[in-house]
Amino acid sequence: MPDGPVVIDWSTADEGRPGLDWAMSALILAEVAIAPVPVAEGARIGLTSLLRHADPEVHLGDAGSGHLARARTRRAADPNLTESEVRLLGDAVALVHEVEAGIRR
């Protein structure tokens, strides 16, 4: 590739609506942002940028319904996630909503 190598986890790839793609990306960035890792702050910045530039037609929904809820269900079913990572999905969803609300203000 002209821009260098990239990592894509195709093991959990599936067809879906664009809103689900946005929600999955936001949720994964939020997971990293709440993790005790050196790149957590960068992930939060990336999450904010992703949500700030989201397609106006994309509505993530709330924790109980919509694309974000579906993304959480799919992430929880990912066999590559540890039990502790699955338990943190609720916190990641909450961060997505917190950042989204901050952008709307």
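Before reading further, recall that the structure is shown in the block above.
Now for a quick tour of the structure. This structure is a prediction, so every number in the text was calculated from the model and none was measured.

As for the side chain of R75
Point 1. Here R75 shows up in helix α3 (residues 67–76).
Point 2. According to the relative accessible area criterion, R75 is buried, its value standing at 13%.
Point 3. Discounting residues that sit within four places of it in the chain, R75 has contacts with M24, L27, I28, E31, L81 and L89.

As for the layout of surface pockets
Point 1. Here the second largest pocket is characterised by a volume of approximately 220 Å³.
Point 2. W22, L51, A54, D55, P56, V58, H59, L60, G61, E100, I103 and R104 together form the lining of the second largest pocket.
Point 3. Broken down by element, the lining of the second largest pocket gets its largest block of residues, three residues, from helix α5 (residues 89–104).
Point 4. Its residues assigned to classes, the lining of the second largest pocket shows seven nonpolar, two polar and three charged.

Structural notes on the side chain of E31
Point 1. For E31, the position within the fold is in helix α1 (residues 18–34).
Point 2. Here R75 takes part through its side chain, which lies 2.8 Å from a polar atom of the side chain of E31.
Point 3. If we ignore the near neighbours within four places in the chain, the residues touching E31 are R75, L81, L89 and A92.

Describing the pattern of salt bridges
Point 1. For the structure on display, the rule yields three salt bridges.
Point 2. Residue E31 pairs with R75 through a salt bridge whose shortest N-O separation is 2.8 Å. Of this pair, E31 sits in helix α1 while R75 sits in helix α3, placing them 44 residues apart in sequence.
Point 3. Salt-bridge contacts for E98 lead to R44; the nearest nitrogen and oxygen are separated by 2.9 Å. You can see E98 sitting in helix α5 and its partner R44 sitting in helix α2 (residues 40–52), a full 54 residues away along the chain.
Point 4. One salt-bridge network, in which partners are shared between bridges, spans E31, R75 and D78.

Some remarks on the environment of R70
Point 1. Structurally, the position occupied by R70 is in helix α3.
Point 2. Taking the C-alpha atoms as reference, R70 lies 9.4 Å from L60; in sequence the two are 10 residues apart.

About the criteria used
- Residues numbered from 1 in each chain as written.
- Predicted model: local features only at pLDDT ≥ 70, side-chain atom pairs only at ≥ 80, totals over all residues.
- Heavy atoms only, no water.
- Helix = DSSP H or I, 4+ residues; strand = E, 2+ residues; numbered from the N terminus.
- Buried < 20%, exposed > 50% of the residue type's maximum accessible area, 1.4 Å probe, protein only.
- Contact = heavy atoms within 4.5 Å.
- 1 Å grid on protein atoms, 1.4 Å probe; cavity = no way out; pocket = protein on both sides within 12 Å on 5 of 7 lines; lining within 4 Å.
- Points joined across faces, edges and corners; volume = space filled by probe spheres on them.
- Nonpolar A, V, L, I, M, F, W, Y, C, P; charged D, E, K, R; others polar.
- Polar contact = N/O pair within 3.5 Å; in protein donor to acceptor, adjacent residues only side chain to side chain.
- Salt bridge = Lys/Arg side-chain N within 4 Å of Asp/Glu carboxyl O.

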